[in-house]
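Chain residues, written in single-letter form:
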Amino acid sequence: MGDHCVFCKITRGEVPSNKVYEDEKFLAFTDIHPAAPTHVLVIPKEHVETVEDIPSGNPMVSLLAERAVRVAKQLNLREGYRLVINHGDNGGQTVYHLHLHLLGGRFMAWPPG
Ligand code: 5GP
Ligand code: ZN
């Protein structure tokens, strides 16, 4: 599972990335096409395709958010930031390995485009 997944390859070190946080189960690295001055992706090292694949009662999203908050503090995003999970084609998901976007460094307009 995850043999051809780019985020699994990043986790295994087969694709280079600019890591900003790592622990046993999670990894955070900067997005290759940043949509904001700060754009970090927080991922589980385990291959989970989408938010719908998280088993009921599993705290995965909470753990991802906790890491994102840690990175936001580390990067000094004092004026605020946005956390996003895209799901499926209409949700704008392009990489099918669960990830939480951390976007900051500018005013994030709402609603998004
Ligand atoms: P999604 O559209 O699935 O929510 O987000 C996927 C994100 O992954 C996109 O913002 C895209 O720029 C980023 N991305 C895709 N391939 C790579 C890669 O090889 N390295 C990095 N650092 N980011 C990537
Ligand atoms: Zn993967």
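Chemist: Could you give an account of the site of ligand 1, naming the residues involved and the relevant values?
Modeler: Taken together, 16 residues lie near ligand 1, and D31, N86, G92, T94 and H101 sit nearest. Within the side chain of N86, one N or O atom sits 2.8 Å away from an oxygen atom of ligand 1. Measuring from an oxygen atom of ligand 1, one finds a backbone N or O atom of T94 at 2.6 Å. Broken down by secondary-structure element, the contributors of at least two residues to the shell around ligand 1 are α1 (6–12) and β2 (26–30).

Chemist: With reference to specific residues and values, describe the pairing of strand β5 (residues 100–104).
Modeler: Most of β5 sits out of view: 5 of its 5 residues are buried. Neither face of β5 is exposed, since L100, L102 and G104 on one face and H101 and L103 on the opposite face are all buried. The pairing of strand β4 (residues 81–84) with β5 spans 4 bridges and is antiparallel. Of the residues in β5, the one forming a bridge with V84 is H101.

Chemist: Account for the coordination of the zinc ion (ligand 2), naming residues and giving values.
Modeler: At this site the zinc ion (ligand 2) is bound by C5 (SG), C8 (SG), H47 (ND1) and H97 (ND1), with donor distances of 2.0 to 2.3 Å. Around the zinc ion (ligand 2) sit 4 donor atoms; with metal-centred angles ranging over 104 to 118°, the donor geometry is tetrahedral.

Rules and cut-offs
- Residues numbered from 1 in each chain as written.
- Chains lettered and ligands numbered in written order.
- Predicted model: local features only at pLDDT ≥ 70, side-chain atom pairs only at ≥ 80, totals over all residues.
- Heavy atoms only, no water.
- Near = heavy atom within 4 Å.
- Polar contact = N/O pair within 3.5 Å; in protein donor to acceptor, adjacent residues only side chain to side chain.
- Helix = DSSP H or I, 4+ residues; strand = E, 2+ residues; numbered from the N terminus.
- Buried < 20%, exposed > 50% of the residue type's maximum accessible area, 1.4 Å probe, protein only.
- Pairing = 2+ DSSP bridges.
- Donors = N, O, S within 2.8 Å, 3.2 Å for Na, K, Ca; no water.
- Tetrahedral: all angles 85-135°; square planar, octahedral: opposite > 155°, others 65-115°.

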